[in-house]
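# Structure assessment
Here is what each chain is made of, one letter per residue.
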Amino acid sequence: MLQNVAVALLDGVNPFELGVVCEVFGTDRSDDGLPVYDFAVASAEGPSLRMNSGLSLRVDHGLERLETADLIAVPAGRSFSTRDFPPELLDALRRGVDRGARVLSVCSGAYVLAAAGLLDGRRCAVHWKHADDLARRYPRVAVEPDVLYVDEDPVITSAGTAAGIDACLHLVRKEQGSEVANKIARRMVVPPHRDGGQAQYIERPLPHSEADTIGEVLAWMERHLDEEVTVEQLAARAHMSPRTFARRFQQETGTTPYRWVLGQRVLLAQRLLEATDETMDAIAGRTGFGNAAALRHHFVRAVGTTPNAYRRTFKGPEAA
């Protein structure tokens, strides 16, 4: 049962990520018939901590508080991607998992779990800005950069900031049912479940090629995304044979002409969904997808959510 929850704190903890766990598990909502958790925060670095925002924090419990917890949460903090973590904390996390407790990280808190070896051989989520670095530093961890959270029971990891809410509510739903999770979400004025993953929030700047041989062709392709073109036609513009053009394109962009065009069409669709009120069919036409069904198919594969859901997220519900 999920009854006893402890949050492991380090110097430089982020206030929002800490607040997420406190809001879900540390708030008494018994007046709504919701469960009350035995909740506490515990410091791994002494009773006085500085939060990332400059606030000071006085913590009554040390790491001994983790020994009885059913859930140990680790929120993000300053420089978690580069700092070392107290061995005593890593040992406490490992002991917790060994005795049957769950551990849950929010955002860069995943670095703490990785340092403890708890993510080895497991899939995990982390903020998209940290995904490549975490995978590089911990090659035994299967980082999933596009999802909001990953449940590899007893280890749960979440992506950036607000995704911690999703992970916490998922655990409540799993342990205590949808009704409890939905009531907590309603009190927090957040959706009990969000569509899509964090792929929709990742910045994807237009790629720039350093080479001159296909630069003009890339610029032309960018201006004519609504047109269907073949490799043969592009090769003719570059004054190359199709085979040479395809090889040079791969060398200079790291992908194929088809995938490059597909990626640029999705980027253009994102910008149009954010900045215009055009219909899905109109956007599909401008981006070269042809119809709304094809736009939806490729958009979901690339971004992890539907065009309508993306528009609601970035433009507002009245635009959907």
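All residue numbers refer to positions counted from 1 along the written sequence of the respective chain. Where local features are concerned, this predicted model is filtered to residues with pLDDT of at least 70; where side-chain atom pairs are given and counted, the filter is 80 or more; whole-chain, interface and lining totals use all residues. Remark: hydrogens and water are excluded; side-chain values derive from all non-hydrogen atoms of the structure.

As recorded by an unreviewed UniProt entry, the protein chain carries the name Helix-turn-helix domain-containing protein and is attributed to Streptomyces levis.

## Considering the confidence of the model for the protein chain
One confidence number per residue, pLDDT, is output by the predictor and ranges from 0 to 100. Averaged over every residue, the pLDDT of the protein chain is 90; the share at 70 or more is 92%. Whether two residues are in contact is decided by their heavy atoms: any pair within 4.5 Å suffices. Here residues 205–211 scores under 50 on pLDDT; set against residues more than four positions off or in separate chains, the count is nine contacts.

## A look at the UniProt feature "domain: HTH araC/xylS-type" (unreviewed entry) in the protein chain
UniProt positions are given in the numbering used here, feature names are shortened, and annotations may be inferred rather than shown by experiment. UniProt records the feature "domain: HTH araC/xylS-type" (unreviewed entry) for residues 215–313 in the present numbering. Strands are runs of DSSP state E lasting at least 2 residues, helices are runs of H or I lasting at least 4, and numbering of each runs from the N terminus. A distance of 34 Å separates the end C-alpha atoms of residues 215–313, which is 75% helix and 0% strand.

## Considering the pattern of salt bridges
By convention in these notes, a salt bridge is any Lys or Arg side-chain nitrogen within 4 Å of a carboxyl oxygen on Asp or Glu. What the rule picks out here adds up to 19 salt bridges. R94 serves as the salt-bridge partner of D91, at 2.5 Å between the closest nitrogen and oxygen. One end of the pair, D91, and the other, R94, are both in helix 2 (residues 87–98), three residues apart, so they sit about a helical turn from each other. For K183, the salt bridge is made with E179, and the minimal N-O distance between the two is 3.8 Å. Taken together, the residues K183 and E179, both in helix 6 (residues 178–188) and four residues apart, mark about one turn of the helix. When a residue's accessible area, from a 1.4 Å probe over protein chains only, is under 20% of the maximum for its type it is buried; when over 50% it is exposed; and in between it is partly exposed. In this structure E179 comes out as exposed when scored by relative accessible area, which is 58%. Salt bridges sharing common partners tie together R102, D151, D153, K174 and E175.

## Thoughts on helix 1 (residues 15–25)
Inspection of helix 1 places E17, L18, V20, V21, V24 and F25 among the buried residues, and these make up the whole buried set. All buried residues of helix 1 lie within an arc of 150° about the axis, which places them on one face of the element. Note that the arc is computed from the directions linking the helix axis to the C-beta atoms.

## Quick word on the sheet that holds strand 6 (residues 102–106)
As a general point, the strands of a sheet are linked pairwise by backbone hydrogen bonds and lie either parallel or antiparallel. We treat two strands as partners when DSSP finds at least two bridges between them. Read from one edge to the other, the open sheet built from six strands follows the order 2-1-5-6-10-9, with strand pairing classed as mixed. The open sheet terminates on both sides in strands that have one partner only, identified here as strand 2 (38–43) and strand 9 (149–152). With strand direction ignored, the average angle separating the axes of adjacent strands in the sheet is 15°. To get an axis, a line is fitted to the C-alpha atoms, and for a helix only the part in contact is used. The angle between two axes follows their N-to-C directions and goes from 0 to 180 degrees. Packing against the sheet, helix 2 makes contact with strand 1 (4–9), strand 5 (71–74) and strand 6, and its axis sits at approximately 145° to strand 5.

## A few points about unusual backbone geometry
A cis geometry characterises the amide bond from D153 onward to P154, with omega recorded as 15°. In this structure, P154 sits in the loop between strand 9 and strand 10 (155–158). A positive phi angle, near 60°, is found at S79, a position not held by glycine. Here T161, not a glycine, exhibits a phi torsion of approximately 50°, which is positive. For T161, the position within the fold is in the loop between strand 10 and helix 5 (163–176).

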